[in-house]
Amino acid sequence: MKVDATDLKTSEADDRGRVYLGTEYANKRVTVAVVEVESDRPDDDELAAAYREASESAETLTEEWSGTSDEAWEGLDE
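About the cut-offs
Residues numbered from 1 in each chain as written. Predicted model: local features only at pLDDT ≥ 70, side-chain atom pairs only at ≥ 80, totals over all residues. Heavy atoms only, no water. Helix = DSSP H or I, 4+ residues; strand = E, 2+ residues; numbered from the N terminus. Rg over C-alpha atoms; globule rule 2.2 N^0.38 Å. Buried < 20%, exposed > 50% of the residue type's maximum accessible area, 1.4 Å probe, protein only. Salt bridge = Lys/Arg side-chain N within 4 Å of Asp/Glu carboxyl O. 1 Å grid on protein atoms, 1.4 Å probe; cavity = no way out; pocket = protein on both sides within 12 Å on 5 of 7 lines; lining within 4 Å. Points joined across faces, edges and corners; volume = space filled by probe spheres on them. Nonpolar A, V, L, I, M, F, W, Y, C, P; charged D, E, K, R; others polar. Patch = residues over 30% accessible without salt bridge, like charges linked within 9 Å, V, L, I, M, F, W, Y side chains within 5 Å. Areas by Shrake-Rupley, 256 points an atom, 1.4 Å probe, with all protein chains shown as cover. Lys, Arg positive; Asp, Glu negative; His and termini not counted. Charge placed at Lys NZ, Arg CZ, Asp CG, Glu CD. Contact = heavy atoms within 4.5 Å.

Chemist: I'd love a proper account of the overall build of the protein, names of residues and values included.
Modeler: Secondary structure assignment for the protein yields one helix and zero strands. Relative to the 2.2 N^0.38 estimate, which gives 12 Å for 78 residues, the radius of gyration of the protein is 27 Å and therefore markedly larger than a compact globule would have. The principal-axis extents of the C-alpha atoms in the protein amount to approximately 85 × 25 × 20 Å. Across the 78 residues that make up the protein, the buried fraction comes to 3%.

Take a look at the structure:
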């Protein structure tokens, strides 16, 4: 079977995986094919990279805060 690209319709599924086709399909037999599934969630590699980046950022901020904190405490003694 050949399908014209203009006949393809992209729809979002709800939180239970259901897709609303519309009232024009009410009381009709409908055959649906899933051509592609995209996830809106990051994959494991993206999560790992984001975690590493956040960890490195936290280390940098900790070092900067430590120096700033030491300077502030020293300034109070004066």
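Alright, that's what it looks like, and here's the rest.
Chemist: Let's hear about the pattern of salt bridges: which residues, and what values?
Modeler: Pairs can form between side chains of opposite charge whenever their charged atoms are close. Tallying each qualifying case throughout the model produces one salt bridge. Asp14 serves as the salt-bridge partner of Arg18, at 2.8 Å between the closest nitrogen and oxygen. A relative accessible area of 46% means that Arg18 is categorised as partly exposed.

Chemist: Give me the layout of surface pockets: which residues, what numbers.
Modeler: Over the atoms rolls a probe the size of a water molecule, and in doing so it shows where empty space is left. There is about 1200 Å³ of room inside the largest pocket. Lining the largest pocket are 24 residues, and of these Lys9, Thr10, Ser11, Ala33 and Val34 lie nearest its centre. Counted by class, the lining of the largest pocket contains 13 nonpolar, four polar and seven charged residues.

Chemist: Could you give an account of a negative patch on the surface, naming the residues involved and the relevant values?
Modeler: A grouping of Glu53, Glu56, Glu59, Glu63 and Glu64 is seen on the molecular surface, where their side chains present a negatively charged patch. Note that Glu53 resides in helix 1 (residues 44-77). A residue is classified by how much of its surface remains accessible, and Glu53, at 58% relative accessible area, is exposed.

Chemist: Can you tell me about the environment of Arg18, naming the residues and giving the values?
Modeler: With respect to the helices and strands, Arg18 occurs in the segment before helix 1. Once residues lying within four places of it in the same chain are set aside, the contact partners of Arg18 are Glu12 and Ala13.

Chemist: Can you break down unusual backbone geometry residue by residue, with the values?
Modeler: Positive phi is not limited to glycine here, since Asn27 has a value of about 60 degrees. Locating Asn27 in the fold gives a position in the segment before helix 1. Classification of Asn27 by relative accessible area gives exposed; the value is 86%.

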